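# Summary of the model geometry
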Amino acid sequence: MSTLAADSIALPLDAQQLGELQRAVAGLAPAQLTWVSGYVAGLAAADGGRTAPAAPPGETLTVLYGSQTGNGQTIAERLAERARDQGYATNLVSLADYKPANLKRETLLTLVVSTHGEGDPPDDAELFHEFVLSDRAPKLAKLRYAVLALGDSSYSNFCQTGRDFDTRLAELGGERVQPLVECDLDYEDAAAAWAENVLAELPELLKPAESPLPRLRAVKNVATFDKSNPFPAEVLANQKITAADSSKDVRHIELSLEGSGLRYEPGDSLAVIVHNPPQLVSEFLNELGLDAEEAVTVGSESLPLRQALDEKLEITAANQGFLRAWAGFSGANELSKLVEPGNNAALARFLETHQIIDVVRKYSARISAETFVGSLRKLSPRSYSIASSPAANPDEVHLTVAAVRYEALGRPHWGAASTHLADRVAEGDSVRVFVEPNPRFRLPSDDTPIIMIGPGTGVAPFRAFIEERVERGATGRNWLFFGDRTFRNDFLYQLEWLRHRKNGHLDRLDVAFSRDRGSKVYVQHRLRENARDIYGWLDEGAVIYVCGDAKHMAGDVHDALIEIIAAQAGRNRDDAERRLKELRRAGRYQRDVY
Amino acid sequence: MSANGLSDVERIKAASRRLRGTLAKSLVDPVTGALAEDDTQLSKFHGIYQQDDRDVRSERKRQRLEPAYSFMIRARVPGGVLTPVQWLNMDRIANTYANGTVRLTTRQAIQLHGVIKWRLKETIAAINEGLMDTLAACGDVNRNVMAPPLPQLSALHREVHQHAEALSARLTPATRAYHEIWLDGKKLDSGAAEKEPIYGDTYLPRKFKSTFAIPPQNDVDVYSQDLGFIAISEAGRLAGFNVTVGGGMGMSHGEPDTYPRLADVLGFCAPGDVLEVAEAVVTTQRDFGDRGNRKHARLKYTIEDRGIAWFRDQVTARSGVVLQAPRPFRFVGNGDVYGWQQDDSGLWHYTLFVENGRVADAGGVDLLAGLRAIAGTHTGEFRLTPNQNLIISNVSDDARAPIDALLAEHGIGNTIRASALRLHSMACVGMPTCGLAMAESERYLPALVDRLERLVKANGLEAVPITIRMTGCPNGCARPYIAEIGLVGKGPGRYNLYLGAGFAGERLNSLHLENADEDDIVGALSPLLQDYASSRGDAERFGDFLVRTGVVREVRAGREFHAAARD
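### A few points about the overall build of chain B
- Along the backbone of chain B there are 18 helices and 21 strands.
- Each principal axis of the C-alpha atoms in chain B carries an extent, and together these give about 70 × 55 × 55 Å.
- Put simply, chain B has 567 residues, and 53% of those count as buried.
- Restricting the contact set of chain B to residue pairs at least 6 apart, pairs at least 24 apart contribute 67%.

Rendered as structure tokens:
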């Protein structure tokens, strides 16, 4: 055992820890030692590796991830676990925790990163992204790497963050061991193939740290129901919570989790398996003159076209890939031009205003069912920020869903998921769901003040937060900023907020309604009006949460916060921006925007 | 009731710093369209009632939204007289801040409905800019002082109207709270409270209603009011007033200790004694009215409990006025006379039928637009009647034709040709805004009258006036207990049917049918109208006929109101 003390490798234990470890294993039989080695490895895996001290750069695979929804984390965890199982020293780190300075010491790196909104990195990756793309980034002559990009091709700058990293690491001298793989919402197959390819290369890239040993895994509390096996949750309530005169239809949906064993925390999301609007499916069949019963292939499955359009394929939001395919089918120059490089702005505008059906109607083409199906993405589950605290609502999960329905281009349009929940399931029906943890959106300690900014359905997680804090008897003060179109028709959960305020559970409540008066007032205006108090709360350690629209609101709120810090602290804008970044790093500025 | 035996409203008044409460803060609370709970009591003293749209109340509760709160604002119009400019101002305010209609009340006031909290202050300010106000239009104070709009006797009307204005001014609360909160008046130092010489710290135990009357019309329903002054004219000049006290309509279903009561005639006073007598009546009620039970707090119960002789002594002692024996007078009816009438000075007056007091543009009758057009050219007055109608007053000979033309142009000219039953109908506001309503009232009575008109016509009674009044609750805003046919809401679509009041408001009616639906009501009235048509005496009124033939028992006093029904 004395070989353990060899200093040829840098030891992550201090002398005392090493002594304790040596005493603990002294006198064990070989079989017992084998078991203990597996036990310890299992402990590390169960921890996700995050709190384990980082293995030093050297003959180590570093698996980095940064994503908003947790999908990236799952992919990275699986990859790291399998590499470890094969006996490679593996270091799994979230980009939020990764020190950019370590980059120059890395020899083998995989990076799983999502793209957010119109080409932005996820919150966790923001600082790292900025560093790598900056002039401060070091030369990386020793580095070999592979990047997996996650994204949503209905946005124009699809997978931009992954592309940025992939290109930039090469510029800095890194050697690409796998080509960049870009995944759409139906990422599973592509991501799994990428991971397989990476794993297949490992024997040539890394020396095994030790010969692989069979090991026991520490028991992890794995839910029986997950993405591959969603839980059919009974709908307990489907209640419209905007008034009859509202321009919006927002639903409060209550689902039963009884018997599922599913657990969630305030801040988590619920993914919902949806069906497409049946009117839209019929419209496609009519428009294309296709036979509903014709068999088509989706993945490895053969099924009737109608069923494929109903439940397997994305037929609402258009994306670049589809436009490219349809440009070919229809021979429409307009479309071909749009998808040429350099037309990002026009493409973004087009994707914002056209669903797939609009493209099909506008640029006619005669194609087979199989070809049509081949041009479509798989239908992905849709995520909603959970609006309930499990402590306050045992065995239930609540969602706040804005039904997307609008007239455009001379026909009705629907959002697939929102109308599935609002229109096509009634109380007593069931909806297939699974939980998506969001560890980057969590309540702080009970005595910490919180400022919640959640206009529109962005208020959902804050309903969960307050319910949870009431249940826990938390003493920290709570301040909510809410906004919507009109006070009378769109004040989501108004009665609940008034009750919380009356009972002393909501210390401050500020609202902004954009269509009640001549000038439009939004939450960021209310933030500025309360600059001094917000800064005061921050000084007392408050955590700021933002949930809702990523396109405008999140940026406007972000700017308002920078202004507030600058003005109140008497700093310039750059300093204030830095301060806000520090707050974000410290987990005191958390966002769940979409 | 609180621990010291006082009702909760007494606590709120006492703590309110002369009706200020936390109203100013309530108005700017951005997360609720309501006032703080205590402030909803105080706002009434400022002429403002918090209400909500009851049509959507339960739906909004399911939607996790608070009730659709809005406010009713009542402007005082002492004696019901206003200028065309004032009318135009109210019309503009109704269209800018309220629901686009103007509601004339049974107390000659003007109500606006549907004003949201964020616009209350602007609305009140606009009303005051038009030289009207809303202070003391509701609440535990003397409310809008009524006076007959009586067009025929111009000199007497003018004189009595001056008394009404003086009484209104005398009994207006002295608090500066109204000016501070609504008109950005200078604030008193906190803690300081201005003198409230008549009302004191806690104002009156309950609302207080006063009126003047000029026989032979009892259009003001003097007997239904806490305090009344019946003008006695001798040799063509005003000799003085018979003073009446202790009338009141309100009661509660199922609580026989509560009842409508007609006023007693206390005695006669000279014109110069009106203010002193009135103040003595008010302060006696202030000091002796029941402050523990708001359902037993009106002056009528004080007088029932302590006796009219005791009350007269109090008034004499406080005012120094020894009342003389009442002078003779006679009332012939409590309705309005419609159409053009000429007064003794030669000027013309047109009494317009405003069904249930609702001035709106609806159903081919553009009343609001028509009155706007008339007000634009009219140089006389508008007078509001106690029957929720409107008089275009003081029209010269040559101005008649243009007004007739405007009436015709807006579809208003023929409204006074409705059946006599409809012209003598009256309903309170009721659903959906009034928080007290148990059943429909204003929105329903016209349809019920449609049906009854067929009965009336079948019996050849379309020209015979019969008073019919409906309220959504037993509080009695439309004075249903002195209607020949009174209908008081019990629940959705259900009414108590009261019959047999005096046509001049001199006798209460009596319960005939309980919890009646429309078919029950029509079924009960059908044979009675038939009998009335075939066997009524010469000029015999429907109410008198029902009492004479024993259909209902004569109610001689309010305390017998429920007993009469049980016999």
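Still more to cover.
### Structural notes on the sheet that holds strand 7 (residues 227–234) of chain B
All names here are of chain B.
- An order of 6-7-8-9 is seen for the four strands of this open sheet, with the pairing classed as mixed. Two strands bound the open sheet, and with one partner strand each, they are strand 6 (210–213) and strand 9 (264–269). Here the average twist between neighbouring strands, direction ignored, is 25 degrees.
- Across five bridges, the pairing between strand 8 (residues 237–245) and strand 9 is antiparallel. Its bridge partner being in strand 9, Asn242 is matched across the sheet by Phe268.
- Its contacts with the sheet put helix 7 (residues 154–170) on strand 6, strand 7 and strand 8, and the angle it makes with strand 6 is roughly 165 degrees.

### Let's talk about unusual backbone geometry
- In this structure, the amide linkage connecting Pro215 of chain B to the following residue, Pro216 of chain B, adopts the cis form with an omega of 15 degrees.
- Looking at the element boundaries, Pro216 of chain B is found in the loop between strand 6 and strand 7.
- The omega angle of the peptide bond from Met431 of chain B to Pro432 of chain B is 0 degrees, so this bond is cis rather than trans.
- Inspection of the secondary structure puts Pro432 of chain B in the loop between strand 17 (425–427) and helix 15 (445–458).
- One non-glycine residue, Asp395 of chain A, lies in positive phi territory at about 65 degrees.
- As for its placement among the helices and strands, Asp395 of chain A is situated in the loop between strand 12 (382–385) and strand 13 (396–402).
- Judged by the 13 C-beta atoms lying within 10 Å of it, Asp395 of chain A is partly exposed.

### Thoughts on the interface of chain A and chain B
- Taken together, the contact between chain A and chain B spans 17 residues of the former and eleven residues of the latter.
- Breaking the side of chain A that touches chain B down by element, the ones donating at least two residues are strand 7 (231–240), helix 16 (487–490), helix 17 (494–502) and strand 19 (508–513) of chain A.
- No other element matches the five residues that helix 17 of chain A contributes to the side of chain A that touches chain B.
- Partitioned by chemical class, the residues of the side of chain A that touches chain B number ten nonpolar, four polar and three charged.

### Overview of the pairing of strand 1 (residues 48–52) of chain B
Residue and element names in this part refer to chain B.
- Of all five residues in strand 1, four are buried; the element is thus mostly enclosed.
- When strand 1 meets strand 2 (residues 69–75), the two strands line up antiparallel, connected through five bridges. Considered in strand 2, the bridge of Gln50 is made with Phe71.

### A look at helix 7 (residues 278–288) of chain A
Residues and elements named next belong to chain A.
- For helix 7, the full list of buried residues reads Leu280, Val281 and Phe284. Burial along helix 7 is one-sided: seen end-on, the buried residues are contained in an arc of 105 degrees. Pointing more than 90 degrees away from the buried face of helix 7 are the exposed residues Gln279 and Asn286.
- Turning to helix 7, the residues buried within the fold contact helix 8 (305–312), helix 12 (356–362) and strand 15 (411–414).
- Phi for Gly289, located one or two positions after helix 7, is positive at around 60 degrees.

### As for the pairing of strand 10 (residues 339–342) of chain B
All names here are of chain B.
- Inspection of the sheet shows strand 10 paired to strand 11 (residues 348–352) by four bridges, in the antiparallel sense. Looking across to strand 11, one finds that Gln341 is bridged to His349.
- What sits between the antiparallel neighbours strand 10 and strand 11 is a turn of five residues, in which Gly346 has the positive phi angle 95 degrees.

Definitions and cut-offs
Going along each chain's sequence as written, the residues are numbered from 1 onward. To read the labels, note that chains go from A and ligands from 1, taken in the order they are written. With pLDDT at 70 or above as the cut-off, local features in this predicted model cover only qualifying residues; side-chain atom pairs require 80 or more to be listed or tallied, and sums for whole chains, interfaces and linings still use all residues. For the purposes of this entry, the term helix denotes a DSSP run of H or I that reaches at least four residues, the term strand denotes a run of E that reaches at least two, and both are numbered from the N terminus. Buried, partly exposed and exposed are defined by the number of other C-beta atoms within 10 Å of a residue's own C-beta, namely 20 or more, between the two limits, and 12 or fewer respectively, with C-beta atoms placed from the backbone. Residues are treated as contacting if the C-beta atoms built from their backbones sit within 7 Å of each other. The pairing criterion for strands is at least two bridges between them, as found by DSSP. Axis definition: a line fitted to C-alpha atoms, over the contacting stretch in the case of helices. Angles run 0 to 180 degrees between N-to-C directions. Residues are grouped as follows: Ala, Val, Leu, Ile, Met, Phe, Trp, Tyr, Cys and Pro are nonpolar; Asp, Glu, Lys and Arg are charged; every other residue, Gly included, is polar. Note: the arc covers the axis-to-C-beta directions of the helix.

None of the figures reported here should be taken as evidence of function without further support.
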